[in-house]
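The lines below spell out each chain.
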Amino acid sequence: MQPPIAPFRQFVVKVASRCDLACDHCYVYEHADTSWRGRPVVMSDETAIRVANRIAEHADEHHLEAVHVVFHGGEPLLAGIGRLRRFARALRRATQGVCHLELHIHTNGVLLSHAFCDMFSDEGVRVGVSIDGDRAANDLHRRYASGRSSYDQAIRAITLLRDDYPHLYAGLLCTVDLRNDPVAVYEALVELRPPRVDFLLPHANWDHPPLRPAGRDTAYADWLITVHDRWRADGRPMQVRMFDSIILSTLGGESQSESLGTRPSDLVVVETDGTYEQADSLKTAYDGAPATGLDASRHSLSEAARHPGFAARQSGLASLAEACRRCPLVTSCGGGLYAHRHRTGSGFANPSVYCADLFRLISHLTASERRSPAAPVHELPVATLDALASGRPAAADLAHLSAPQLSRARQAVRRAASVIADRRSWSILVDAERADRAAVDDLLSHPYVHAWAARCAATSPTLDPADAGHLAAVAAVAAVRTGLAVKVTVPAAGSFVHLPGLGRMRTGGQEHAEVEVRNGSFAVRVDGRWLSEDSPLWEPVRPIEAAGIRLLLDDVDPYRDCYGAPVEGRLTEEAAAVWSEVAGAALASLPGDRRAAMRTCLRVLTPLADATAGASSRAAYGALALPLGTGPGTAARMLVEHFHRAQLGALLDLLDLTGGDADRERLLTDAYGLLAVAGSLTQAEQDRLTSAIGRFADGALPAPGRRFAARLAGAAADRTAQVASGRR
């Protein structure tokens, strides 16, 4: 029996083996390997079909949910529009019904045109472009053979993507050169508004070390740290894969980069003649270094995965040099890029030639995260803490809780995206945020978007496919809200495609459906037909408006089951009308200050099954759940009690009031909810309130907890006296 292999998930397909530039730092044409000279200039249709079938065969054999294919070169646009279209279609035909296909192309941009972009849009191919910064930085290396600059052509290509085809714009690749000013490079890249930037260390090894000024062993780290610190200060305007990978791995996640971390390599290169090779970067080591002797006509990709060269990069820590295995930063560094470890005599069993740089860079980023978390630091005025303790906070007091909850929601979505292999959807969210930050903030703080993201974080790394696929639905709604033109594939859950905050489309037996967004509206492809919001198969989230408060009646979102109580299914129009009328009457019966407070941070009501109490959820701030079959009076009390429980939950997310004691937190939550409805308590409930406050305050508490307990007890005593006075 053959040992198990780590299957390939990333396929770099060389569709052209020549280039129209003569970049002197190119690892294909300017380093030790010369195998390109014997390759076909472009991949033939026959070879492309064979490669597509091999990829589909591999995905089917290993039950892969998705594969990522990059058209590469040389310069892949030299393959031409027609050939690239045929290649894309061959891949889609082969993988249809087998796995999800992500298609990218990486280009220098010289030949990019509207015609290419129209084809890429039709075939679902996203585009990345190489550029090294401003004109001076780019012209150091990226020139034509004649010495002419390629900068203007690269800028024209990037502008075309950014302005006319933003749904295709995948990001930029920049090779670090110490002669370039890091801030100038960073500012030039930010100005191009990329969804992502990849900074690459120049390819080098111990036989051919990188350019390094005398006495500066960490010059590359220093350059990148300057960029990182400016990036953080600017609020992280785009993803930077190197920085994100380091930060993610220090938090226990997996690196997003082949050059960092200990995750087994899952990348294979397929040359224009169909031969399988290891990563291109190995071409810098010695002539023939990436070769395997295997090809698509005679060998499966699983056979290639068993090649010793791939196996050496799939054994994690065991494959690293002893010095690397002892290093405290090994889980983030992973020994650096495999090609950068090479030395004649010891092969790749060495630390990276950039070892000192990586140690300093990772240490700096880790320390920066510890000193100053990426999320904004929110402060709560003492007067607001006291107002919350009184049980009758004003709308202005509750506004101090909304900003931290938005930050938590944004962090949760970022964490979810970091463990979901869906770069396309994340890029749409980034583009949408650039178009309208407020609209995306509103979406990310939707209670059930937050509940979804929290579930992803809790179940990582064993994500349910439906949870992972929901990122595409969130991205589609972001495009609707911001007017982007995109097309995404969204998985069906329970025979529906769900669009958070909008509703759901019935899809029958389809497992996935395309969602196309244009000009703020959308259509879902079901059984070959494009269906919009006027279709009878569309079930929208319904609005509730009463007493100046506009809420959503959400009885369809798949992530509304976060209350620890059974939620009701889709209501009929008649039942929804009755339930909405009861909820509206309950809201209208509340005093003006209560309604003003709810208007600040209540967004969604969800029906619970009959014979249950109301509920709130820490994972779904801004939503409350109420049972069916109650009258306006009971509904009003439930609204007030659970609304205030939700506000306490938001406060506990911001301040430690209990010293981490879960029992005290339960007592405090119960007491705070009862205090909000103190005027309608039975004697038994009044006794429960008094007992809960006493037990909460009995013992050691943090300073904010002691202050809160004292004012809570005072507020409860005042309410008790008012109720007793009213009874007399």
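Moving on, we come to the overall build of the chain. Each helix and strand in the chain was counted, giving 25 helices and 21 strands. The C-alpha radius of gyration computed for the chain amounts to 29 Å, which stays within 12% of the reference 27 Å derived for 728 residues, consistent with globular compactness. Expressed as lengths along the three principal axes of its C-alpha atoms, the size of the chain is roughly 100 × 60 × 55 Å. Counting the 728 residues in the chain, one finds 56% classified as buried. Considering only residue pairs separated by 6 or more positions, the chain has 70% of its internal contacts joining residues 24 or more positions apart. About 29400 Å² of surface is accessible on the chain, with carbon and sulfur atoms providing 52% of the total. Averaging the locations of the 79 positively and 85 negatively charged side chains of the chain gives two centres separated by 2 Å.

Let us look at the side chain of Ser617. Residue placement: Ser617 occurs in the loop between strand E20 (604-608) and strand E21 (623-627). Here Ala619 takes part through its backbone nitrogen, which lies 3.2 Å from a polar atom of the side chain of Ser617. Residue contacts for Ser617: discarding those within four places in its chain leaves Cys562 and Tyr563.

Turning our attention to the sheet that holds strand E17 (residues 538-540). Across the sheet, which stays open at both edges, the 3 strands sit in the order E12-E13-E17 with antiparallel pairing between neighbours. Edge strands, defined here as strands with exactly one partner in the open sheet, are strand E12 (496-499) and E17. Taken over all neighbouring pairs, the strand axes of this sheet differ in orientation by 15° on average, direction set aside. With 4 bridges connecting them, E12 and strand E13 (residues 503-506) associate as antiparallel partners. Note that in E13 the partner of Phe496 across the bridge is Arg506.

With 91 residues, the main nonpolar core has Phe71, Leu84, Phe120 and Phe199 as its most contacted residues. Among the nonpolar cores identified, the runner-up in size contains 59 residues, and Ala389, Ile544, Met638 and Leu639 belong to it.

Where burial is concerned, most of strand E5 (residues 169-175) is hidden: 7 out of the 7 residues are buried. The sheet contact formed by strand E4 (residues 125-130) and E5 spans 4 bridges and is parallel. For Gly128, the partnering residue across the bridge sits in E5 and is Gly171. Both E5 and strand E6 (residues 196-200) contribute to a ladder of 4 bridges, which runs parallel. In the strand pairing of E6, Thr175 is matched with Leu200. A crossover connection joins E5 to the parallel E6 through helix H6 (residues 182-191); in handedness this β-α-β unit is right-handed.

What follows covers the state of the cysteines. Throughout the structure, instances matching the rule amount to 0 disulfides. Residue Cys324 stays outside any disulfide, its sulfur separated by 6.1 Å from that of Cys355, the closest cysteine. The class of Cys324 is buried, set by a relative accessible area of 9%. The cysteine Cys601 is free of any disulfide, with Cys562 supplying the nearest cysteine sulfur at 16 Å. Note on Cys601: relative accessible area 6%, which makes it buried.

Now for the sheet that holds strand E3 (residues 100-107). Within a sheet, each strand pairs with its neighbour through backbone hydrogen bonds, oriented either parallel or antiparallel. Within the open sheet, the 10 strands sit side by side as E7-E6-E5-E4-E3-E2-E1-E8-E9-E10. Their pairing is mixed. Two strands lie at the open edges of the sheet, namely strand E7 (239-240) and strand E10 (291-295), each paired on one side alone. Pairing analysis gives 3 bridges linking strand E9 (residues 275-277) to E10, with the strands arranged antiparallel. Its bridge partner lying in E10, Glu277 is registered against Ala291. On top of the sheet, helix H2 (residues 81-95) reaches strand E2 (66-72), E3 and E4; it is set at about 160° to E3, its chief contact.

Here helix H7 (residues 219-233) is 15 residues long and its end C-alpha atoms lie 21 Å apart, about the 21 Å a rise of 1.5 Å per residue gives. Every buried residue belonging to H7 is among Ala219, Tyr220, Ala221, Trp223, Leu224, Ile225, Val227, His228, Trp231 and Arg232, and all of these are buried. Once H7 finishes, Gly235 follows within two positions and takes phi at roughly 80°, a positive value.

All right, on to the environment of Cys456 then. Here Cys456 shows up in helix H18 (residues 447-459). Distance from Cys456 to Ala577, taken between C-alpha atoms, is 34 Å for residues 121 residues apart in sequence. When residues no more than four places from it in sequence are discounted, the contact partners of Cys456 are Ala416, Ile420, Leu463 and Asp467.

This brings us to the packing of aromatic side chains. For the coordinates displayed, the defined rule picks out 8 aromatic pairs. Look at Phe199 and Trp223: their rings are 6.1 Å apart centre to centre, the planes differ by 75°, and that puts the pair in the edge-to-face class. Of this pair, Phe199 sits in strand E6 while Trp223 sits in helix H7; the two residues are 24 residues apart in sequence, bridging distant segments of the chain. Here Phe199 and Trp223 have matching classes, each one buried.

Relative to strand E15 (residues 521-526), strand E14 (residues 512-518) runs antiparallel, the two sharing 4 bridges. Looking across to E15, one finds that Arg518 is bridged to Ser521. Between E14 and E15, which pair antiparallel in sequence order, lie 2 residues; one of them, Asn519, sits at a positive phi of approximately 55°. The pairing of E15 with strand E16 (residues 529-531) spans 3 bridges and is classified as antiparallel. From the neighbouring strand, Arg525 faces E16, where its bridge partner is Trp530. Here E15 folds back onto E16 in antiparallel fashion, the turn holding 2 residues, of which Asp527 has a positive phi close to 50°.

Turning our attention to the packing of helix H1 (residues 45-61) against H2. At a closest axis distance of 8 Å, the pairing of H1 and H2 adopts a crossing angle of 30°. As summarised for this structure, H1 and H2 are arranged roughly parallel, according to the angle between their axes. In the packing of H1 onto H2, the handedness of the crossing is right-handed. Contacts between H1 and H2 pair Asp45, Ala48, Ile49, Ala52, Asn53, Ile55 and Ala56 from the former with Arg83, Arg86, Phe87, Ala90, Leu91, Ala94 and Thr95 from the latter. Classifying every residue of the contact of H1 with H2 gives 9 nonpolar, 2 polar and 3 charged.

Checked against the element boundaries, Gly548 lands in the loop between strand E18 (542-546) and strand E19 (549-553). Sequence separation of Gly548 and Ile225 is 323 residues, and the distance between their C-alpha atoms is 51 Å.

In this structure, the amide linkage connecting Gly73 to the following residue, Gly74, adopts the cis form with an omega of 20°. The residue Gly74 is located in the loop between E2 and H2 in this model. Here the phi dihedral of His63 falls at roughly 55°; this positive angle occurs in a residue that is not glycine. Following the sequence through the fold, His63 ends up in the loop between H1 and E2. According to the relative accessible area criterion, His63 is exposed, its value standing at 70%. Unlike most non-glycine residues, Asn519 shows phi in positive territory, near 55°. Note that Asn519 resides in the loop between E14 and E15.

Take the side chain of Ser300 next. Tracing the sequence through the fold places Ser300 in the loop between E10 and helix H9 (301-305). You can call Ser300 buried: its relative accessible area is 12%. Setting aside residues up to four positions removed in sequence, Ser300 forms contacts with Arg54, Glu57 and Tyr276.

Here is what the cut-offs are and how they apply
Residue numbers restart at each chain and count upward from 1, following the sequence in its written direction. It should be noted that, the model being predicted, local features are given only for residues of pLDDT at least 70 and side-chain atom pairs only at 80 or more, the latter also being counted only at that level, while totals for whole chains, interfaces and linings use all residues. The basis for every side-chain value is the complete set of heavy atoms in the structure, and neither hydrogens nor water enter the calculation. Comment: elements are numbered from the N terminus, with helices defined as DSSP H or I runs of at least four residues and strands as E runs of at least two. The atom set for the radius of gyration is the C-alpha atoms, and the globule formula is 2.2 Å times the number of residues raised to the power 0.38. Here's how the labels work: a residue is buried when its accessible area is under 20% of the maximum for its type, exposed when over 50%, partly exposed in between, all with a 1.4 Å probe on protein chains only. By the convention used here, residues are in contact when the closest approach between their heavy atoms is within 4.5 Å. Here the accessible surface of atoms and residues is derived via Shrake-Rupley with a 1.4 Å probe, and residues count as covered only by protein chains that are part of the display. In summary, the charge assignment counts Lys and Arg as positive and Asp and Glu as negative, without counting His or the chain termini. To locate a charge, take atom NZ for lysine, CZ for arginine, CG for aspartate or CD for glutamate. Each polar contact in these results corresponds to two N or O atoms within 3.5 Å; when the atoms are within protein, one needs to be able to donate a hydrogen and the other to accept it, and residues that are neighboring in sequence are counted only if both atoms are side-chain atoms. When DSSP finds at least two bridges between two strands, those strands are taken to pair. In this analysis, axes come from line fits to C-alpha atoms, helices being fitted only over the stretch in contact, and the angle between any two N-to-C directions falls in the range 0 to 180 degrees. For our purposes a nonpolar core is just a set of buried Ala, Val, Leu, Ile, Met, Phe, Trp, Tyr and Cys residues, chained together by side-chain atoms within 4.5 Å. Looking down the strands as they point away from the viewer, one classifies a crossover as right-handed if the path from the first strand across the helix to the second runs clockwise. The disulfide criterion is simple: two cysteine sulfur atoms within 2.5 Å. An expected span of 1.5 Å times one less than the residue number is assigned to each helix. For Phe, Tyr and Trp, rings pair up if their centres lie within 6.5 Å, where Trp contributes its six-membered ring, and each pair is then called stacked (planes under 30 degrees apart), edge-to-face (over 60) or tilted (otherwise). Here roughly perpendicular refers to angles of 65 to 115 degrees, roughly parallel to angles under 35, roughly antiparallel to angles over 145, and oblique to all remaining angles. What makes a crossing left-handed is the near helix being turned counterclockwise from the far one by less than a right angle; a clockwise turn instead makes it right-handed. In this classification, Asp, Glu, Lys and Arg are treated as charged, Ala, Val, Leu, Ile, Met, Phe, Trp, Tyr, Cys and Pro as nonpolar, and every other residue, Gly included, as polar.

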